Amino acid sequence: MPGQWGDTPQFIPVMERIRVGRLGGGHPRTRPDHLGGDKAYSSRRNRRHLRPREIKHTIPEAKNQRTNRQARGSKGGRPAGFDKTIYKRRNEVERTINALNNFRAVATRFDKRAYVFHGTVTLASIRLWLRPGCRVL
């Protein structure tokens, strides 16, 4: 049921749509320098998508995946690399998203056009940035 799906099935389609324009012009970048995610994104399918593209990532291995890998012994492969200091920075993103969701227009997403919603998020971001004592952004 589509309403019950998590974010993991959407990982690869979202990664394929990434386009970051270059300052000097030319083709946009399609690979991020680094990717951070939570345990929901630690599936073999997602890691298999990142490996040939040489995208570095900080995604913790879920406990059941670690147990299954260790149970297979040497056939289970190497443990996924994980940097705790990089992972701790994820809370900055989470706090920013939560702060943006305090704006009703952002949280409800009633805008029909993507460019209007983008403007709404931009305006909310500016208001957060200008707010005195803002520690979110």
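> I'm lost on a nonpolar patch on the surface in this one. Help?
Taken together, the side chains of Ile-126, Trp-129 and Leu-130 present a nonpolar region at the surface, about 380 Å² in accessible area. Inspection of the secondary structure puts Trp-129 in helix α7 (residues 114-130). Assessed through its relative accessible area of 63%, Trp-129 is described here as exposed.

> Help me out: how do you make sense of the environment of Ile-97 in this one?
Residue position: Ile-97 is located in helix α5 (residues 90-100). Note: C-alpha distance between Ile-97 and Ser-125 (28 residues apart in sequence) is 9.8 Å.

> Teacher, can you tell me more about the side chain of Asn-46 here?
Relative to the elements of secondary structure, Asn-46 occurs in helix α2 (residues 44-50). With near-sequence residues (within four places) excluded, Asn-46 lies in contact with Thr-8, Phe-11, Ile-12 and Tyr-41.

> Explain the pattern of salt bridges here, please?
Should the charged atoms of two oppositely charged side chains come close, the side chains can pair. For the structure on display, the rule yields 5 salt bridges. Asp-33 is the partner of Arg-29 in a salt bridge, and the nearest nitrogen-oxygen pair spans 2.8 Å. For Arg-29, a relative accessible area of 27% translates into the label partly exposed. Classification of Asp-33 by relative accessible area gives exposed; the value is 60%. Among the charged side chains, a network of salt bridges with common partners joins Asp-38, Arg-90 and Glu-94.

> Would you mind showing me how to read a positive patch on the surface here?
Taken together, the side chains of Arg-44, Arg-48, Arg-51, Arg-72, Lys-75 and Arg-78 make up a positively charged region of the molecular surface. Here Arg-44 is to be found in helix α2. For Arg-44, a relative accessible area of 66% gives the class exposed.

> Would you explain unusual backbone geometry in this entry?
Look at Glu-54: it is not a glycine, yet its phi comes out positive at around 55°. Looking at the element boundaries, Glu-54 is found in the loop between α2 and β2 (56-58). Within the chain, Arg-109 stands out as a residue other than glycine whose phi angle is a positive 55°. Assignment of secondary structure puts Arg-109 in the loop between α6 (104-108) and α7.

Each value, and the rule that gives it
- Residues numbered from 1 in each chain as written.
- Predicted model: local features only at pLDDT ≥ 70, side-chain atom pairs only at ≥ 80, totals over all residues.
- Heavy atoms only, no water.
- Patch = residues over 30% accessible without salt bridge, like charges linked within 9 Å, V, L, I, M, F, W, Y side chains within 5 Å.
- Areas by Shrake-Rupley, 256 points an atom, 1.4 Å probe, with all protein chains shown as cover.
- Salt bridge = Lys/Arg side-chain N within 4 Å of Asp/Glu carboxyl O.
- Helix = DSSP H or I, 4+ residues; strand = E, 2+ residues; numbered from the N terminus.
- Buried < 20%, exposed > 50% of the residue type's maximum accessible area, 1.4 Å probe, protein only.
- Contact = heavy atoms within 4.5 Å.
- Lys, Arg positive; Asp, Glu negative; His and termini not counted.
- Charge placed at Lys NZ, Arg CZ, Asp CG, Glu CD.

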